[in-house]
Amino acid sequence: MTNTLRSLRQFWLIIVVIIVIVIGIFFRVTNIDKKIYWHDEVYTSLRVAGYQSNEVTDTFFNGKIITTQELLKFQKLSLNTPFSQTIKSLNTHPEHPPLYYIILRLWQNIFGSSIIINRSLSIIFSLLVFPAIYWLSRELFNDKFVSFLTVSLVAISPFQILYAQEAREYSLWMLTIILSSLFFVKSIKFNKGIHWISYSLSLSLTFYTSILSIFLPFVNIIYILLMRKNLSKNKLINFVKYTIISFLLFIPWVIIMLINFNVLKDTTQWTKIEKPLIFLANLWGLHFTSLFADMGLPLYHWLSYIFIILVLIIIGYSFFFLIRNTEKNIWLYLLLLTVIPTLGLILPDLIFGGVKSSMTRYFIPAYIAIYLTIGYFLGIKIQKKSLRWSIILIVIFTTGIISNIISANSETWWNKPSSYHNPAIAKIINQAENVLLITDNFDINEGNIISISHKLKPDIKLQLFQKETPIKIHKEFNKIYVFNPSSEFLTKIETAYKGELTSVYPLLYQLTFN
């Protein structure tokens with residue numbers, strides 16, 4: 001009787017896992033265009049369409065009245081734009097390797113360009129992660145249930161769903177990392193030429209997706225050094241040879257980065273901003289919490305700390321279980337894949353200052369190892385008929401579903417920090433009749449004014465300025481709003497209109513004048 005009940009419980013857990021995967025797919029394709037098309041996504045569209053930011057500035061930031069639709073023309077790929085123009089635009093932004101953008105350009109050639117179409121490509125990559133991580137888990141643990149469970153953790157993960165609906169490279173990056181890890185593991189295990197070639201090519205693809213992929217060779221090299229006594233000389237030679245080939249394949253983009261080194265420095269300058277340690281430490285905890293629970297709580301909310309503690313305990317205990325119950329060649333690789341990228345981001349910020357480690361998406365290599373480790377831990381425990389861990393798995397699923405319901409019905413979220421207030425700003429402006437929105441090219445206003453324009457009514461008028469552009473007065477509008485002005489521009493507007501700017505919302509001011 002007891003065995004029958006346990007078998008029945010495991011059967012229903014399998015059904016639950018299948019349902020969770022289906023729910024995860026549902027969340028990926030639901031409300032694709034609801035969240036704000038934020039600053040970074042705006043630049044995705046600009047680059048793929050073959051434009052450069054200075055073209056937007058030169059064309060529109062001249063003090064003339066324009067409509068939102070005129071500005072948004074720069075967000076769509078023209079049928080007459082040659083592919084070479086997209087490549088030229090990508091070359092001027094060396095901080096983002098071109099693979100994702102080239103694929104998106106091909107995607108737009110077929111389906112056109114819109115928020116839904118742009119984000120749908122990331123959904124495709126996110127869905128391809130399912131079979132990829134299943135394959136990697138099977139290669140590591142040779143257990144179908146463990147692999148299936150790992151897929152369900154990825155499927156319902158709030159973090160995964162957020163970036164499945166963003167027109168950026170991060171879903172593709174996760175896919176290429178998994179494939180690189182898979183073929184690395186297979187190469188070390190079987191030492192076949194086809195596996196080594198696949199490893200080399202997939203590692204190169206990770207380089208062409210994100211420059212942060214530099215952590216992966218370090219993971220592999222340290223792993224090889226620690227396992228060298230268990231590896232044949234031929235395997236060591238093959239590893240060195242095919243890793244070098246991966247770097248050689250990336251040389252064309254390295255050359256582009258060197259040619260545009262000053263641009264690279266300027267565009268990554270924000271990573272050197274100083275932030276308090278307590279701020280960074282909170283974010284480090286929330287990075288890993290977002291894999292399983294993300295309810296949009298304030299940064300210092302007491303419930304956030306509870307989630308952080310619980311998730312870190314599960315992660316820590318899962319690795320302890322992994323080390324105790326698997327061979328060194330398995331647990332060492334997953335441990336290194338977690339620790340090397342994590343320390344590679346955190347230590348420089350601690351030693352030299354900066355905020356690279358505040359970006360949740362930069363920790364994707366570590367997340368892959370965490371999904372695999374927790375999937376293995378829970379899978380083995382559940383197969384041993386552990387009611388406690390079956391219940392914990394259901395709690396994880398439930399928390400993920402609740403998190404995704406909350407997020408799916410929101411227009412903004414923490415992963416769009418520089419455009420977080422844009423939906424609310426657009427609503428305020430849309431409520432007014434005969435309104436003018438003014439801004440200058442201060443800070444990152446260029447990208448954000450386009451982001452806001454995606455939410456504005458077509459008849460809303462814009463007036464955009466550069467620092468040296470003379471102020472042109474237009475008192476015929478019922479309401480005039482100014483978005484995120486520099487202190488100098490704020491003073492110029494008040495002087496020109498002989499009026500006063502009053503804050504009505506974060507980053508938004510209303511101009512009153514006689």
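Above this note sits the structure.
In this report, we go over the structure that sits alongside the text. (Residues numbered from 1 in each chain as written. Predicted model: local features only at pLDDT ≥ 70, side-chain atom pairs only at ≥ 80, totals over all residues. Heavy atoms only, no water.)

**Details of the packing of aromatic side chains**
Here's step 1: Inspection of the entire model under this criterion finds 32 aromatic pairs.
Here's step 2: Ring geometry for Tyr317 against Trp389: centres 6.2 Å apart, planes inclined by 5 degrees, an arrangement best described as stacked. In this pair, Tyr317 is assigned in helix α16 (residues 302–325) and Trp389 in helix α19 (residues 387–408), connecting sequence segments 72 residues apart.
Here's step 3: Given the relative accessible area of 36%, Tyr317 is considered partly exposed.
Here's step 4: On the accessibility criterion, Trp389 (12% relative accessible area) is buried.
Here's step 5: One aromatic cluster in this structure is built from Phe141, Tyr317, Phe320, Phe321, Tyr376, Phe377 and Trp389.
Here's step 6: Sitting over the face of the ring of Trp413, Lys35 holds its NZ or CZ atom 5.8 Å from the ring centroid.
Here's step 7: Positioned above the aromatic ring of Phe190 is the side chain of Lys192, whose terminal nitrogen or guanidinium carbon lies 6.0 Å from the ring centre. (Phe/Tyr/Trp six-rings, centres within 6.5 Å; stacked < 30°, edge-to-face > 60°. Helix = DSSP H or I, 4+ residues; strand = E, 2+ residues; numbered from the N terminus. Buried < 20%, exposed > 50% of the residue type's maximum accessible area, 1.4 Å probe, protein only. Lys NZ or Arg CZ within 6 Å of the ring centre and 35° of its normal.)

**Observations concerning the environment of Phe442**
Here's step 1: Topologically, Phe442 is positioned in the loop between β2 (435–440) and α21 (445–453).
Here's step 2: Of the residues examined, Phe442 reaches a relative accessible area of 36% and is grouped as partly exposed.
Here's step 3: Considered as a pair, Phe442 and Asn514 are 72 residues apart in the sequence and their alpha carbons are 27 Å apart.

**Some points on the sheet that holds β2**
Backbone-to-backbone hydrogen bonds pair the strands of a sheet. The strands run either parallel or antiparallel.
Here's step 1: Pairing in this open sheet of 6 strands is mixed, and the strands run β1-β3-β2-β4-β6-β5 from one edge to the other. The outermost strands of the open sheet, each flanked by one partner alone, are β1 (65–67) and β5 (500–505). Averaged over all neighbouring strand pairs, the angle between strand axes comes to 35 degrees, with direction disregarded.
Here's step 2: Here β1 pairs with strand β3 (residues 461–465) via 3 bridges, running antiparallel. (Pairing = 2+ DSSP bridges. Axes fitted to C-alpha atoms, helices over the stretch in contact; angles between N-to-C directions.)

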